[in-house]
Amino acid sequence: MDIHNSIQQKQTQSLNISNQIVQFLNILNMGRYELEDAIEAEAESNPVLEVDIKDDGIDWEEYFKKEKFNYDFDKNELVYADSYDYDFENMTSDEDSLYDELHGQIKIMNIDDRKRRVCDYLVDSLDEDGYLREKESDIADKLGVDFDLVEECIGLVQTLEPAGICARNLQECIILQLHSEGIYDDALEDIIVNNINLVANSNTRQLASKYKKKQEEIRDYLELIKSLEPRPAEKYFKNAIVYAYPDVVLEEDELGNLVVRPYNEKRLKLNISSYYRDLYITTDDPSVKAYIREKLSSAKRIINDVEDRKSTVIAIAEAMVEVQFNYFKYEGQLEPMTLQRIADMVGCHISTVSRGVNDKYILTNKGLYEIRSFFSGGLETEEGSMISISVVKDKLKDIIEHENKKKPLSDKKLEDMLRAEGFEIARRTVAKYREEMGYLSSSKRKEI
């Protein structure tokens, strides 16, 4: 056997994410106050960066009175929260009030007292990450209820906001968040359930081989997974109270066009220190020049990242308003709208949109709304068009509320009635929506 040494050229593809990209993605994912805290921390360590964060001086009451753009929001179309009442003093989110918020969501669910008691117990049992660590059997024994009832109530609590709440492990938490975004992918869920360690190690080659997919597809999966929140309740347990603050404003111009503009241009200003700029030009000390050059580069990067964050959020908000134009302009219904749809319109990855709507708010003349609340899945009608799931749920609710209480409708009958209205829907989907809205099965809704 002859053994020869040789030098060969070989092309391979690899994904290298620079520190600059990581920094931008982190900044894009931040809410307003988190961004301001990060910038202030950067300014403390970088004397070249000058930061001016002004207090909010807008007269909200006067703004709403003078604004001519007048449309009404159907609050049933949005994820309900007490903060949506038209009172700016209420348009804030107390980061220490997760339990109160969850109890408030349970309070408006159409469920019986026994089920509400179990749901309230589950909420009080969540740890600071938002996970349910107590065993279902122990909960059933402690409350003196059936195991199946505990399981059903866990499913109800898992439909509350924030998405991923009441999960029993990391895998379930991630999958709950995917479902909340309308993402159902068997291969992706199998990766999460059975190969979370490979995900943590970013082992794209092994995952690609195991699932017979291209490494690029696996990288997209991993990017999506890592854009989600592994601890959905973490932000609620910070010591400081953080108030919701608009990132963008929706207005109507003189020609009647809906216009989205950034709100932070008057509040947050970043500049390069003129003192250090002049010192860099005049100094003859190489060590001083090298130090200033490094700090100038760092300051310039964060200024560019903040500008890119603003333009990305604006692009996402503009796409969202375009999809929901009839809703904003003519008080129409919400259109089905997923993260992927907006990603396609903006021309970016779905994980970028997910970061771009995370903890971001839009100000209208009717109030302050979380951008994420306008996203919902869709259902196909018999004509082939798509309609928002919230519209289907409203119709389902109307049917159940007006049924004969002595002869409540079965899920199959509800399916038939919805199909007669033009909704292409399966019985299991009817059951899912019914449970999400807190309605019992027909046998348990029956009144004697």
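Scoring rules and cut-offs
Residues numbered from 1 in each chain as written. Predicted model: local features only at pLDDT ≥ 70, side-chain atom pairs only at ≥ 80, totals over all residues. Heavy atoms only, no water. Helix = DSSP H or I, 4+ residues; strand = E, 2+ residues; numbered from the N terminus. Buried < 20%, exposed > 50% of the residue type's maximum accessible area, 1.4 Å probe, protein only. Contact = heavy atoms within 4.5 Å. Areas by Shrake-Rupley, 256 points an atom, 1.4 Å probe, with all protein chains shown as cover. Polar contact = N/O pair within 3.5 Å; in protein donor to acceptor, adjacent residues only side chain to side chain. Axes fitted to C-alpha atoms, helices over the stretch in contact; angles between N-to-C directions. Parallel < 35°, antiparallel > 145°, perpendicular 65-115°, else oblique. Left-handed = near helix turned anticlockwise from the far one by under 90°. Nonpolar A, V, L, I, M, F, W, Y, C, P; charged D, E, K, R; others polar. Phe/Tyr/Trp six-rings, centres within 6.5 Å; stacked < 30°, edge-to-face > 60°. Lys NZ or Arg CZ within 6 Å of the ring centre and 35° of its normal. Pairing = 2+ DSSP bridges. Salt bridge = Lys/Arg side-chain N within 4 Å of Asp/Glu carboxyl O. Arc of directions from axis to C-beta.

If you look the chain up in an unreviewed UniProt entry, it shows as RNA polymerase sigma-54 factor from Peptostreptococcus stomatis DSM 17678.

The next point concerns the overall build of the chain. Each helix and strand counted, the chain has 21 helices and eight strands in total. Counting across all 448 residues of the chain, residues that qualify as buried make up 43%. Long-range contacts, defined as pairs at least 24 residues apart, comprise 66% of the intrachain contacts of the chain with a sequence gap of at least 6. Accessible surface, the chain: about 24,800 Å² in total, of which carbon and sulfur atoms supply 45%.

Within the secondary structure, Arg116 is located in helix α5 (residues 113–125). Taking the C-alpha atoms as reference points, Arg116 and Ile106, separated by 10 residues in sequence, lie 7.0 Å from one another. When residues no more than four places from it in sequence are discounted, the contact partners of Arg116 are Ile106, Lys107, Met109 and Ile111.

The next point concerns the side chain of Gln105. For Gln105, the position within the fold is in helix α4 (residues 98–107). Since its relative accessible area comes to 15%, Gln105 is described here as buried. A distance of 3.1 Å separates a polar atom in the side chain of Gln105 from the backbone oxygen of Glu161.

Topologically, Lys405 is positioned in the loop between α18 (389–401) and α19 (411–420). Sequence-wise, Lys405 and Arg445 are 40 residues apart; in three dimensions their C-alpha atoms are separated by 7.1 Å. Polar contacts involving the side chain of Lys405 include one to the main-chain carbonyl oxygen of Ile400, which spans 3.1 Å.

Between α4 and α5, whose axes approach to 10 Å, the crossing angle comes to 165°. Between α4 and α5, the interaxial angle falls into the category roughly antiparallel. When the axes of α4 and α5 are compared, the crossing they make is right-handed. Of α5, the residues touching α4 (which contributes Tyr99, Leu102, His103, Ile106 and Lys107) are Arg116, Cys119, Asp120, Val123 and Asp124. Partitioned by chemical class, the residues of the contact of α4 with α5 number five nonpolar, one polar and four charged.

Turning to the packing of aromatic side chains, a few remarks are in order. According to the stated counting rule, one finds four aromatic pairs in the structure shown. Arranged with centres 5.4 Å apart and planes meeting at 55°, the rings of Phe328 and Phe374 form a pair that is tilted. Of this pair, Phe328 sits in helix α15 (residues 325–330) while Phe374 sits in the loop between β6 (367–370) and β7 (378–380); the two residues are 46 residues apart in sequence, bridging distant segments of the chain. Like Phe374, Phe328 is buried. Among the aromatic residues, those joined into a cluster by ring pairs are Tyr327, Phe328, Tyr369 and Phe374. The ring of Tyr280 is capped by Lys289, whose NZ or CZ atom sits 4.2 Å from the centre of that ring.

Attention now goes to unusual backbone geometry. Cis rather than trans, the peptide bond between Glu161 and Pro162 has omega equal to 5°. Within the secondary structure, Pro162 is located in the loop between α7 (147–157) and α8 (170–180). Of note in this structure, Lys212 is not a glycine but carries a positive phi near 55°. Here Lys212 shows up in the loop between α11 (204–211) and α12 (215–226).

Attention now moves to the pairing of strand β5 (residues 361–364). Across the two faces of β5 the burial is the same, with Tyr361 and Leu363 and Ile362 and Thr364 all buried. In this structure, strand β2 (residues 248–252) lies alongside β5, joined through two bridges in parallel fashion. Bridging across to β5, Val249 finds its partner in Leu363.

Summed over all chains, the structure comprises 19 salt bridges. Glu251 is the partner of Arg261 in a salt bridge, and the nearest nitrogen-oxygen pair spans 3.1 Å. Here Arg261, found in strand β3 (residues 258–262), pairs with Glu251, found in strand β2; they are 10 residues apart in sequence, far enough to count as distant. The class for Glu251 is buried, based on a relative accessible area of 19%. Two residues, Glu307 and Lys310, come together in a salt bridge whose shortest N-O distance is 3.6 Å. Separated by three residues within a single helix, Glu307 and Lys310 lie in helix α14 (residues 286–323), roughly one turn from each other. According to the relative accessible area criterion, Glu307 is partly exposed, its value standing at 41%. Residues participating in the shared-partner salt-bridge network are Glu136, Glu151, Arg168 and Glu172.

Relative to each other, helix α16 (residues 339–346) and helix α17 (residues 350–357) sit at 105°, their axes nearing to 8 Å. The angle between α16 and α17 places the two elements in the roughly perpendicular class. Side by side, α16 and α17 meet where Leu339, Gln340, Ile342 and Ala343 of the first sit next to Ile350, Val353, Ser354 and Val357 of the second. Each residue belonging to the contact of α16 with α17 can be placed in one class, and the counts come to six nonpolar, two polar and no charged.

On to helix α6 (residues 136–143), then. Each turn of an α-helix holds 3.6 residues, which means side chains three or four residues apart point in the same direction. Within the sequence span of α6, burial applies to Glu136, Ile139, Ala140 and Leu143. Taken end-on, α6 shows its buried residues confined to a sector of 100°, consistent with a single buried face. For α6, the exposed residues set more than 90 degrees away from the buried face come down to Asp141 and Lys142. Of the surrounding elements, those touching the buried residues of α6 are α5 and α7. In the stretch just after α6, Gly144 is the one whose phi turns positive, near 70°.

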